[in-house]
Structure formats: C-alpha cells, structure tokens
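For reference, the chains in residue letters:
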Amino acid sequence: MRSSTLILISLVLSGCSLPTSGPSRQAIVTSFQSRIINVDDVTAEQMNRFDIEKSTRTDKENLDALRASYRLVTPRIQKGDQISVKISSFTPEGVTGIASEKILEGFQMKELGLYVVDEAGLVDLPYIGTIHLSGDTIGVARQTIQAAYNHARLFARPYVSISVQGNGRNGIAVAGDVSSPKVLSWQSGGIDLATALTLAGGGEHELSGKYDETRVLVSIIRNGMTYRISYDQALHDHIPLVPGDRLVVKRTPSVRATMVGGGILQNGTYNFQNTPSLMEVVARAGGLNANNADITNIFVFREIDHDMRVLRINFKEGAGVTTASSLPVKNGDVIYAPEAQIVPWLRVMNIAFQLALPAAVMK
C-alpha cells in the first residue's frame, strides 16, 4: 500500500493533473479575473428590482402598441368568402320561373343556400345569375342582391338577408398551441381576443399540468406587424380584434438555465415558467452536494451587452443565502458550482486504497 500511494503522489507532483469534475474555483477566478462581478445581497436585490420593472414596462409597451394599432374596420366581402342568402317575400299566385316552376308562392321565408365568391369576385345566385360582390360591405351586398331580385320581378317586395360564413380573409385565424385551431367567422358586432382564444379551446388546453414549466404567449399579427402579450393578459383585458387578425399561441419557457459542476447534485438544463432566483435553480438541481461542493463560490456565466460576464456569489457567508434568494437567473445563464479543492486529493487517496487493498488481502 505504501508503494502504491508513493507512486500516485509522485505522479501528481511530477505534473500529472488530479482527477476533477471541472475547473476549480481558483481556475475560474484566474481565467475570468477581469470579467468577474462580485454580487452581494444589495446588488442582487437591485438586479431583481430592475428585472421586474423592465418586464412590467415591456408588457405594458406591447399592450399599448397593440391597442394603438386598432382601427375600426368595416369588413368587406372577399374572394373565397361563403355567403348565406335568405329571402322573405310575398309572391302572388301564378308566378312561375324557369320551366313554369312555381316559386315561393304566398308569404314565405326560405334559405336559398351557401354560395362562394369566386376568383373574379362573382357569386352565382338562383334565378338572377352572377353578381359582383367582392369589395362590398355586407350592407351594400345585401342591397345589391335585393335590387337584383326586385328587378327580376319574381317576388312581391322581397327582403334579402345575408351573412358571411367561414371567411378566411375577414375571419380570425387562431393557431399554435390550442386544442382546436380554426378560422373564426367575423361577427357583425366584432370579436375580442379573449373570446377568440376561448372558442379555439385555449383555456381548456391551458390547464394541462405538463406545461407547468412554460409560459403561454399570444402573438397578434396585424397588417404585417406582430404584437406579443401574455396569455393571462389576453384573457383579462378587453382587446378588440379587427377583421383579418391572425393569432398564434405559443408555449415556451421564460427561462432555460443550465446547472453544472461537481458541487451540484443533478447537472442538467432546467426550464422555468417565470424568472427564478438562483436559489430556486439550485433547489431544482437537487441542491449543493454536501460532500463535494466548494461553498465559497458559485459562478453564473451571463452574456451582458454582447460580452461574457461571471457573477460570483459567496455561499459561505450568511448573506450568500439572501443573495441567492434575490438574484434573478436569466434565460441562457450557465451556473457553475465547483467542487472543493480537497476532493481531487480524496479521489487520489481512494484510488491508492483500492490498489493497495488486494495486496493487503493476499497477505
């Protein structure tokens, strides 16, 4: 056992590196000396307050921009729209149509059917033929159709009512992470964002437990511009839509952080619905390894103004817990918990013991 131990120690002293699970605290400090920011509880609280204020301000700016883009728009019939036509009339006896067919004799109300506006903007209607409706408002289109039936003299004072159904251009398209993606027909009284999301099954889908690590965002695409707000805000605020709006619901983590190093129990990448503190990330990773961790320092690698910075937190001091509880972790942060300097030496001693054990047994 003595010779094995002496051989290992000789190898280490001769320049062979010790078995480690990553760079030591001192190696990090030496390599990033000019980029290290020492963070105490006061600094962490300032960072946390700034982060909250910035997030609140960004959400408000996005909502204000969306509201400012709203314009009261009268929907117009577009190519590809489907138009439902109903007619009410009183027809005297003896009036016939093609092939002496009796037509709506007496007072009647009848749904003529559903008709598609073709690529030329025309609609082919019973008894009166094709009419150009593309570009007309619903009110103008109704008057045009009624005038055509009046001119045909098939009915006594006919009254026409129409509605546009399944309209892809005036309608509200809802897609993404919803249970029932669809195009909602535009309603004459308008439609708001919360109603559109509910009709697409967004609220029911939201309750699924497997999405606990993601935040739900709603993108409203309007006139080539995209406005992004939170799902909760979309439900709680009255936000009117305009014909042709496109809604995309997406689930994504607010923060994705990586926890590595010999001082942590469960190395890995973790997702968070909201901005977590450093303490929350450490807890998600199983906490610090009581046997290996160098509690004097935990390092947070973060890109600030396109430059890599290293935040340094001292867990050995009592204020370190307060600091870690306040310091917000950003998306893309890498948190490194080094192992204690004694740990590599303990590994060497363990190897020496394992080498010497068979010889001791043989004796």
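Refer to the structure presented above.
Residues numbered from 1 in each chain as written. Predicted model: local features only at pLDDT ≥ 70, side-chain atom pairs only at ≥ 80, totals over all residues. Heavy atoms only, no water.

Draft legend 1. Examining the packing of helix α3 (residues 41–68) against helix α9 (residues 319–326) more closely. Packing of α3 against α9 leaves a shortest axis separation of 8 Å and a crossing angle of 10°. Between α3 and α9, the angle falls in the class roughly parallel. Every residue of α9 that contacts α3 at Asp41, Ala44, Glu45 and Asn48 is listed here: Ala319, Thr322, Thr323 and Ser326. In terms of residue class, the contact of α3 with α9 is built from two nonpolar, four polar and two charged. (Axes fitted to C-alpha atoms, helices over the stretch in contact; angles between N-to-C directions. Helix = DSSP H or I, 4+ residues; strand = E, 2+ residues; numbered from the N terminus. Parallel < 35°, antiparallel > 145°, perpendicular 65-115°, else oblique. Contact = heavy atoms within 4.5 Å. Nonpolar A, V, L, I, M, F, W, Y, C, P; charged D, E, K, R; others polar.)

Draft legend 2. The sheet that holds strand β10 (residues 225–230), seen in detail. The strand order across the open sheet built from five strands is β8-β7-β11-β9-β10, with neighbouring strands paired in mixed fashion. Every interior strand has two partners, whereas the edge strands, β8 (182–184) and β10, have only one. Sheet twist, expressed as the mean angle between neighbouring strand axes with direction ignored, is 25°. Of the pairings in the sheet, the one linking strand β7 (residues 172–176) to strand β11 (residues 246–252) comprises four bridges and is parallel in character. Across the sheet, Gly176 pairs through a bridge with Val249, a residue of β11. Against the sheet, α3 touches β9 (215–222) and β10, its axis set at about 130° to β10. (Pairing = 2+ DSSP bridges.)

Draft legend 3. Spatial organisation of the nonpolar core. Among the nonpolar cores identified, the biggest contains 23 residues, and Ile172, Val174, Leu193, Ala196, Leu197, Val218 and Leu247 are the most heavily contacted of them. When contributions to this core are tallied by element, the ones reaching two or more residues are α3, β7, α5 (193–199), β9, β10, α7 (231–236) and β11. Excluding its chain neighbours within four sequence positions, the residues that come into contact with Leu193 are Val218, Ile220, Ile229, Ala234, Ile239, Leu241 and Leu247. Grouped together as the second largest cluster of nonpolar side chains are 22 residues, Ala44, Phe272, Leu311 and Leu327 included. (Core = buried A, V, L, I, M, F, W, Y, C linked by side-chain atoms within 4.5 Å. Buried < 20%, exposed > 50% of the residue type's maximum accessible area, 1.4 Å probe, protein only.)

Draft legend 4. Structural view of the side chain of Asp81. Within the fold, Asp81 resides in the loop between α3 and β2 (82–91). By relative accessible area, Asp81 is classed as buried at 0%. Side-chain polar atoms of Asp81 contact the backbone nitrogen of Gln78, separated by 2.7 Å. (Polar contact = N/O pair within 3.5 Å; in protein donor to acceptor, adjacent residues only side chain to side chain.)

Draft legend 5. Just the layout of surface pockets, in detail. Here the largest pocket defines a volume of roughly 950 Å³. Lining the largest pocket are 31 residues, and of these Asp51, Lys54, Ser55, Thr275 and Lys330 sit closest to its centre. Those elements that place two or more of their residues in the lining of the largest pocket are α3, β9, β10 and β14 (298–304). Looking at the lining of the largest pocket, the element that brings in the most residues is α3, giving 11 residues. For the lining of the largest pocket, a count of residues per class yields 11 nonpolar, 12 polar and eight charged. (1 Å grid on protein atoms, 1.4 Å probe; cavity = no way out; pocket = protein on both sides within 12 Å on 5 of 7 lines; lining within 4 Å. Points joined across faces, edges and corners; volume = space filled by probe spheres on them.)

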